[in-house]
Amino acid sequence: MSTSPQLFDCRDAFARTLEEVAAADVRIVAVVNDSLGSSKMGGFRKLFPQRLVNVGIAEQNMVGVGCGLANGGMIPFVCGAACFLTGRAMEQVKVDLAYSKSNVKLCGMSGGMAYGPLGPTHHSIEDLAWTRVLPNMTVIVPADPYETEQALRAALALQGPVYLRLSRMGVPNVHGAGQEFRLGRATRLREGGDVTLIANGTMVCRALEAADLLEQVGVQARVLNMATLRPLDEEAIAAAAEETGCIVTAEEHLVHGGLGSAVAEVVTATVPVPVRMVGVRDAFAPTGSTAFLFQHFGLTAEAIRDAGLEAVKRKARKC
């Protein structure tokens, strides 16, 4: 009898790792917007009370304060709900961070539809489209606690602005302890020659489940975790198109402007093959539990499997 995998909140790994690196580097500070609880910063405040700034519900000021701290030689981790950190403060993110190349790490908490019952104002399904188009901005969407820890350390080592998107949804570990996270490089989690499934964040574990479902009908799926959305691993995408002949993307985001769009941009410019996108399609996500919303928009292993079968059929017709 199989058991369900243990699920983890990536915010816990984020908070634990931030506390560890802050103990070793006095330049690290945290900036929050009345989001101590949702950002899991309670432990950080106890350990470093003089290195946490709470600006209140003022996200635009929060980003500006982060930039000021960076200009003073500190390394700020600016933590807040992804929907407000990006949507409300986008001008400051564009001008104060990206344009100015400020060494600020934006930490978008509860991205995607993790705030399900709070409705469309709290869903963050546009944030990756907004941030990935900005020059100088690095965008990372970790898939599990291990990758979250590695992504935070990579963001800290990088000089420049970073947007790190974290979900509050429980996810299983999909990486082995020895797997290396590298900025701008996809991680191949499964081999396959018939279709490539490319996912990030909460959808990586679902892509792996979809690969199991596809195997049951004789389709071998390669699975790529595209945790870094900018810079994008164009080489891995082109190789997938060339070697498997079709691609399916899966993301907890609008299909416009996010991972699917980024992959399609590469495919059309290198090796044109059928691409199918699993994500939210041209809609504001309604109010409901996160589990309901994932079913409502087809963000499931079964939907990825079906998209994979359709892509394989289109590839066959093209041949």
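These remarks concern the structure in this document. (Residues numbered from 1 in each chain as written. Predicted model: local features only at pLDDT ≥ 70, side-chain atom pairs only at ≥ 80, totals over all residues. Heavy atoms only, no water.)

Taken as a whole, the largest pocket spans an internal volume of roughly 280 Å³. In terms of lining residues, the largest pocket is bounded by 15 residues, among which P5, P172, C205, R206 and E209 are the most central. When residues of the lining of the largest pocket are assigned to their parent elements, the largest contribution, five residues, is made by helix α8 (residues 204–216). Class assignment of the residues belonging to the lining of the largest pocket gives a composition of nine nonpolar, three polar and three charged. The computed volume of the second largest pocket comes to approximately 150 Å³. Lining the second largest pocket we find 14 residues, and of these R27, M74, I75, N103 and Q159 sit closest to its centre. For the lining of the second largest pocket, the elements supplying multiple residues, two or more each, are α3 (59–71) and α7 (145–157). Of the residues assigned to the lining of the second largest pocket, the class counts are six nonpolar, six polar and two charged. (1 Å grid on protein atoms, 1.4 Å probe; cavity = no way out; pocket = protein on both sides within 12 Å on 5 of 7 lines; lining within 4 Å. Points joined across faces, edges and corners; volume = space filled by probe spheres on them. Helix = DSSP H or I, 4+ residues; strand = E, 2+ residues; numbered from the N terminus. Nonpolar A, V, L, I, M, F, W, Y, C, P; charged D, E, K, R; others polar.)

Below, the discussion takes up the pattern of salt bridges. Within the structure shown, the criterion is met by 16 salt bridges. Where D212 meets R190, a salt bridge forms, and the shortest distance between an N and an O atom there is 2.5 Å. Placement of D212 in helix α8 and of R190 in strand β7 (residues 187–190) is noted, with a sequence separation of 22 residues between them. For D212, a relative accessible area of 38% translates into the label partly exposed. A relative accessible area of 18% places R190 in the buried class. Salt-bridge contacts for R305 lead to D306; the nearest nitrogen and oxygen are separated by 3.1 Å. Put simply, E20, E149 and R153 are held in one network by salt bridges that share partners. (Salt bridge = Lys/Arg side-chain N within 4 Å of Asp/Glu carboxyl O. Buried < 20%, exposed > 50% of the residue type's maximum accessible area, 1.4 Å probe, protein only.)

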